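Take a look at the letters that make up each chain.
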Amino acid sequence: MEKLQIKLLNENAKIPMLQTAGSVGYDIAACIDEEIVIMPGETKIIGSGFSMALEEGYAAFIYARSGLGINFGMVPANCVGVIDSDYRGEVMVGLKNTSGEPFTVKNTDRIAQMVITKCELPLVEIVDELSETTRGSGGFGSTG
């Protein structure tokens, strides 16, 4: 995917931005009419003011900004948001306050980061047996 098509839905919306030459996550800024206070344990949906067109076979993943998560306990409510290539609505971020303090989101605050990834979509095949591996069905904690 060479270009990401963005449609600004609000005159105050900010274009998703890469902050450094080595960034893979586009910062998403809040596009809100008034400040939103998120109380401890509460989740609020914050609009970005933009929509986008991803090419088929790509998806956008919404992750926490490390500073917000570590310093303020503000993380995506669903851990990682997934935006499918056929979605054309406003990009929204569900922010959950995992801290013990209220957190205020202001217009244009950077609230999350978006990583765009090519996704493989193999056909599903039902089989009677799976190939053997050394690990086998060993799960949680099985490797030490």
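Reference entry: report on the structure contained in this document. (Residues numbered from 1 in each chain as written. Predicted model: local features only at pLDDT ≥ 70, side-chain atom pairs only at ≥ 80, totals over all residues. Heavy atoms only, no water.)

**Some points on the overall build of the protein**
Spelled out, the test is: Counting from the N terminus, the helices are DSSP H or I runs at least four residues long and the strands are E runs at least two residues long. Two things to know: the radius of gyration comes from C-alpha atoms, and the globule rule equals 2.2 Å times the number of residues to the power 0.38. When a residue's accessible area, from a 1.4 Å probe over protein chains only, is under 20% of the maximum for its type it is buried; when over 50% it is exposed; and in between it is partly exposed. We call two residues contacting when some pair of their heavy atoms lies within 4.5 Å. For the area figures, the Shrake-Rupley method with a 1.4 Å probe applies, and any residue is considered shielded solely by the protein chains shown.
When you go through the protein residue by residue, the secondary structure sums to 1 helix and 11 strands. Mapped in sequence order, the helices and strands of the protein form the string β-β-β-β-β-β-α-β-β-β-β-β. Relative to the compact-globule value of 15 Å for 144 residues, the protein shows a C-alpha radius of gyration of 19 Å, a clear excess of over 25%. Within the protein, buried positions represent 31% of all 144 residues. For the protein, restricting intrachain contacts to residue pairs at least 6 apart in sequence, the fraction spanning at least 24 positions comes to 72%. On the protein, roughly 9,700 Å² of surface is accessible, and the fraction owed to carbon and sulfur atoms is 52%.

What is shown is where atoms sit, not what they do.
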